[in-house]
Amino acid sequence: MSESGMDERSTRAEVCAAAVADAFKDDGEIFGSPMGIMATLGVRLAKLTSNPDLVISDGESLFLAGVPPLFATGDVVEGWIPFRRVFDVVAYGKRHVMMGASQIDRHGNQNISAIGDFARPARQLLGSRGAPGNTVNNRTSYWVPRHSPRVFVDCVDVVTGVGPRRAREAGTAAAAFNDIHRIVTDLGVLDLGGPDDTVRLLSTHPGVTVEEIQAATGFEVHVHGRPEVTREPGPEELRLIREVLDPRGLRHHEVPA
């Protein structure tokens, strides 16, 4: 317990928020485009700590100068970005998007469209939406709140987000700006630094073993040496998460404490 009375022990959700923030720390002045509670929390944490040049929005049509709590109205607006102009930013490429994924395979392909045979799927999902354009134009990361073999599969049922191998096979135009940067889950942090651009384990969250991550993955995860342990957020980061960005504790709806 700190002098201020704050419990300095971080929860798994807070470790995840810091890991998401770290995915954006070296981006510089770029549009951070998160989707969902944890991704938004992490991007706003990065804006307040490691990357103050990060450009953020309210998720609808406004660029924000301030950094409001989750689901609060931004108090300082510095620009307007209606939906039609998002596509200009996507094409220009100065953007790092963090999407979710219903499936991710060993080569970093993502599926948010359907489960099962594409001609007759067992489950209809969101549809491809912006995933193809994001992954061939912008740096892309993924947030997965439940690391399991249902999500991490050997081969996705439908390719919506394009991994590097498939991008190369499609030609120079698709591969030139394809950049699958990080996959952050409730168990660890991964990238595509394995052989032939396959999924590689970078770090395990505190208390999680490599064996647990492997058991929760539907293919062999590349492990080089001894993976690091994901860092825990420091006292100032915990204060920002708990008192400024997410005082309602919404992060624990995605990753229970």
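Residues numbered from 1 in each chain as written. Predicted model: local features only at pLDDT ≥ 70, side-chain atom pairs only at ≥ 80, totals over all residues. Heavy atoms only, no water.

## Section: the environment of Arg 106
Item 1. One can find Arg 106 in the loop between β6 (103-105) and β7 (110-111).
Item 2. We classify Arg 106 as partly exposed; its relative accessible area is 25%.
Item 3. Placed 125 residues apart in sequence, Arg 106 and Arg 231 show a C-alpha to C-alpha distance of 25 Å.
Item 4. If sequence neighbours within four positions are ignored, Arg 106 has contacts with Val 153, Asp 154, Leu 192, Asp 197, Thr 198, Val 199, Phe 219 and Glu 220. (Helix = DSSP H or I, 4+ residues; strand = E, 2+ residues; numbered from the N terminus. Buried < 20%, exposed > 50% of the residue type's maximum accessible area, 1.4 Å probe, protein only. Contact = heavy atoms within 4.5 Å.)

## Focus on the sheet that holds β6
Item 1. The sheet built from three strands is open, its strands ordered β7-β6-β11 with mixed pairing. The open sheet has two edge strands with one neighbour each: β7 and β11 (152-153).
Item 2. Sheet topology note: the β6/β11 ladder contains two bridges and is parallel. Directly across from Asp 105, in β11, lies its bridge partner Val 153. (Pairing = 2+ DSSP bridges.)

## Notes on the pattern of salt bridges
Item 1. Evaluated as defined, the whole model comprises 14 salt bridges.
Item 2. Here Asp 22 ties to Arg 231 by a salt bridge, and the two come within 2.8 Å at their closest N and O atoms. Of this pair, Asp 22 sits in helix α1 (residues 12-23) while Arg 231 sits in the loop between β15 (228-229) and α8 (235-245); the two residues are 209 residues apart in sequence, bridging distant segments of the chain.
Item 3. A residue is classified by how much of its surface remains accessible, and Asp 22, at 24% relative accessible area, is partly exposed.
Item 4. Classification of Arg 231 by relative accessible area gives partly exposed; the value is 33%.
Item 5. Counted as one network, the salt bridges with shared partners bring together Arg 165, Arg 168, Glu 169, Asp 196 and Asp 197. (Salt bridge = Lys/Arg side-chain N within 4 Å of Asp/Glu carboxyl O.)

## A short note on the pairing of strand β13 (residues 188-191)
Item 1. Across the two faces of β13 the burial is the same, with Gly 188 and Leu 190 and Val 189 and Asp 191 all buried.
Item 2. As defined by bridge partners, strand β12 (residues 179-185) adjoins β13 across two bridges and the pair is classed as antiparallel. From the neighbouring strand, Ile 183 faces β13, where its bridge partner is Leu 190.

## Regarding the nonpolar core
Item 1. Among the nonpolar cores identified, the biggest contains 30 residues, and Phe 24, Met 38, Leu 41, Leu 54, Met 98, Trp 143 and Val 184 are the most heavily contacted of them.
Item 2. Where this core is concerned, the elements lending two or more residues are α1, α2 (37-48) and α8.
Item 3. Beyond its immediate chain neighbours, meaning those up to four positions away, Val 184 contacts Cys 16, Ala 19, Val 20, Met 98, Tyr 142, Trp 143, Val 144 and Val 189.
Item 4. Of all hydrophobic cores here, the second largest spans 22 residues; its members include Tyr 142, Val 144, Leu 190 and Val 221. (Core = buried A, V, L, I, M, F, W, Y, C linked by side-chain atoms within 4.5 Å.)

## Side note on α8
Item 1. Of the residues making up α8, those classed as buried are Glu 237, Leu 238, Leu 240, Ile 241, Arg 242 and Leu 245.
Item 2. Buried-residue contacts for α8 involve α1, α2 and α9 (251-254).

## Remarks on the packing of α2 against α8
Item 1. The interhelical angle for the contact between α2 and α8, taken along N-to-C directions, is 120 degrees, at an axis separation of 11 Å. By the angle class used here, α2 and α8 are oblique. Judged by the sense of rotation from one axis to the other, the crossing of α2 with α8 is right-handed. Of the residues in α8, those in contact with Leu 41, Arg 44, Leu 45 and Leu 48 of α2 are Glu 237, Leu 240, Ile 241, Val 244 and Leu 245.
Item 2. For the contact of α2 with α8, the class distribution of residues is seven nonpolar, no polar and two charged. (Axes fitted to C-alpha atoms, helices over the stretch in contact; angles between N-to-C directions. Parallel < 35°, antiparallel > 145°, perpendicular 65-115°, else oblique. Left-handed = near helix turned anticlockwise from the far one by under 90°. Nonpolar A, V, L, I, M, F, W, Y, C, P; charged D, E, K, R; others polar.)

## Thoughts on the side chain of Asn 51
Item 1. Structurally, Asn 51 can be placed in the loop between α2 and β2 (56-57).
Item 2. For Asn 51, the side chain forms a polar contact with the main-chain oxygen of Phe 24, separated by 3.0 Å.
Item 3. When sequence neighbours within four positions are dropped, the list of residues in contact with Asn 51 reads Phe 24, Lys 25, Asp 27, Gly 28 and Ala 46. (Polar contact = N/O pair within 3.5 Å; in protein donor to acceptor, adjacent residues only side chain to side chain.)

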